[in-house]
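Structure at a glance
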Amino acid sequence: MTVCFTNSVRCILVKPQGAMERLQSAVLALLITTIIAQKLCAAQDEDMIHYFERRFLILEGRIEKCDQDLRQYVQEFRTLSRKMKSQVRDLSISSATHKSELENLSARVERAEWDIDFVESATSHKPCIEMDQKLVEERLKEEAEEQRNIERKLNSSCNNILFGIKSVKMVKKAGDGHGSWMKDSGNDSHEIYFLNGPKNNVLLKFYNIEDFTDSNYTQRAQNVTLPFSWQGAGQIVYNGFLFFHKEGTGNEIIKYDIQKRNVTDRMLLPGAGQVPVYQLSPFNKIDLAVDEQGIWAIHAMPNMDENIVITKIDYENLSIENVWNTSCSSTNAEAAFVICGTLYVVYNSPSGGRSHIECVYDTLDIVNRFETPTVYFPKRYSSHSIIHYNPRELQLYSWDDGYQIIFNVDLKRKTEHA
């Protein structure tokens, strides 16, 4: 019997023997086969281990290379980040500088526009009329008689009529699109009162115009919280009292002591508050005004064919002194004011245009509305929320789409114009 092992080329010659010997030979052959197989497996395992070791060494090298590259990239990114932050800071500083320069330039352009518009609107043309000498003499006699009648009617302390706008000053841009601002028209106080929005209950009070025009004006203001909110932008300050239309009521007017901070009186204005007084400023149901004679209420009634009504009010006890149903329409009106008992209504187009005084109503019936010149206001940004006359300064205080503006007016004597 011959036993061979394939990968050793070695063969063992076994001679045939008895059954016991054959069994022993078989066991021996199996044992030898098992030992050789184990040695072969061990050799293969060792080769595999060497292979994996080489692969791991290669992977470790690659990982180390990746780690080095990553550290290099991180360092480069940090350097780039520092450069970008530095450039962003430089751009921020440059942007702030350019923004400030643009704001200054914009303000100068706006003021220049106002000046140009005023120069354009300040030119007036006088008609040239030729009359027969006899007609002239008759006319002079009639005028002399009219003059005597006028002098009897006029209050010597109030004999002015608006003839034009002399100059305009854009004081500040603050607050919302609608509101009112003013001085106390009843005394010589320099304090400024600022009422922001068509509905609010916080009055800002400034010591003077310098505090109001300061860039941090809200920190210089004294806040006065009212017990009620106002309605519209028709508030006035007169002899230390704030007069305003109470929000949520149709026609209630409140008299508020600013110093003592309490309500001293109130009144109901008959027929007022049902419809807007100005079509282009629908938030104004009652517009209060001040002139040389005291305080007035400008309003409208639904049964008056959209015509404006003015009521003279005694400011001390809030009683009605007189009422006039004017011929001035509220259609396309945006604001109005009173000078020496004469109502001036400012009109505009719903699509925007040049504000102008188109209707004049004199409570003394001295000034003919058809003989008064049409007065144009300089071009503005939107519509006037309010225009208030200050009889002590002979100026108009206006709120124009968040811009606080002062108009210096040109006044002439009624006796000269009539």
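Before reading on, note that the structure itself is shown above.
Residues numbered from 1 in each chain as written. Predicted model: local features only at pLDDT ≥ 70, side-chain atom pairs only at ≥ 80, totals over all residues. Heavy atoms only, no water.

Right, let's get into the state of the cysteines. Summed over all chains, the structure comprises one disulfide. Residue pairing for Cys 328: its cysteine sulfur links by disulfide to Cys 359, the two sulfurs lying 1.9 Å apart. Handedness of the Cys 328-Cys 359 disulfide follows from its S-S torsion of about -80°: it is left-handed. With Cys 328 in strand S15 (residues 319-329) and Cys 359 in strand S18 (residues 356-362), this residue pair connects regions lying 31 residues apart in the sequence. The exposure class of Cys 328 is buried, given its relative accessible area of 0%. Take Cys 359: its relative accessible area is 2%, and that puts it in the buried class. (Disulfide = S-S within 2.5 Å. Helix = DSSP H or I, 4+ residues; strand = E, 2+ residues; numbered from the N terminus. Buried < 20%, exposed > 50% of the residue type's maximum accessible area, 1.4 Å probe, protein only.)

A few words now on unusual backbone geometry. Not every positive phi belongs to a glycine, and Asn 239 is a case in point at roughly 55°. Structurally, the position occupied by Asn 239 is in the loop between strand S8 (236-238) and strand S9 (241-245). Owing to a relative accessible area of 27%, Asn 239 belongs among the partly exposed residues under this scheme. Here Asp 401, not a glycine, exhibits a phi torsion of approximately 55°, which is positive. We classify Asp 401 as partly exposed; its relative accessible area is 33%.

Reading across the sheet, the four strands line up as S4-S5-S6-S7 and stay open at both edges, with antiparallel pairing between neighbours. A single partner strand is all that each edge strand has here, and the edge strands are strand S4 (179-182) and strand S7 (222-231). Neighbouring strand axes in the sheet, compared pairwise and without regard to direction, differ in orientation by 20° on average. Pairing analysis gives three bridges linking strand S5 (residues 192-196) to strand S6 (residues 199-206), with the strands arranged antiparallel. Considered in S6, the bridge of Tyr 193 is made with Lys 205. (Pairing = 2+ DSSP bridges. Axes fitted to C-alpha atoms, helices over the stretch in contact; angles between N-to-C directions.)

Locating Asn 390 in the fold gives a position in strand S20 (residues 384-390). Take Asn 390: its relative accessible area is 3%, and that puts it in the buried class. A distance of 3.0 Å separates a polar atom in the side chain of Asn 390 from the backbone nitrogen of Arg 392. Discounting chain neighbours no more than four positions away, the residues touching Asn 390 are Lys 183, Ser 185, Gln 395 and Tyr 397. (Polar contact = N/O pair within 3.5 Å; in protein donor to acceptor, adjacent residues only side chain to side chain. Contact = heavy atoms within 4.5 Å.)

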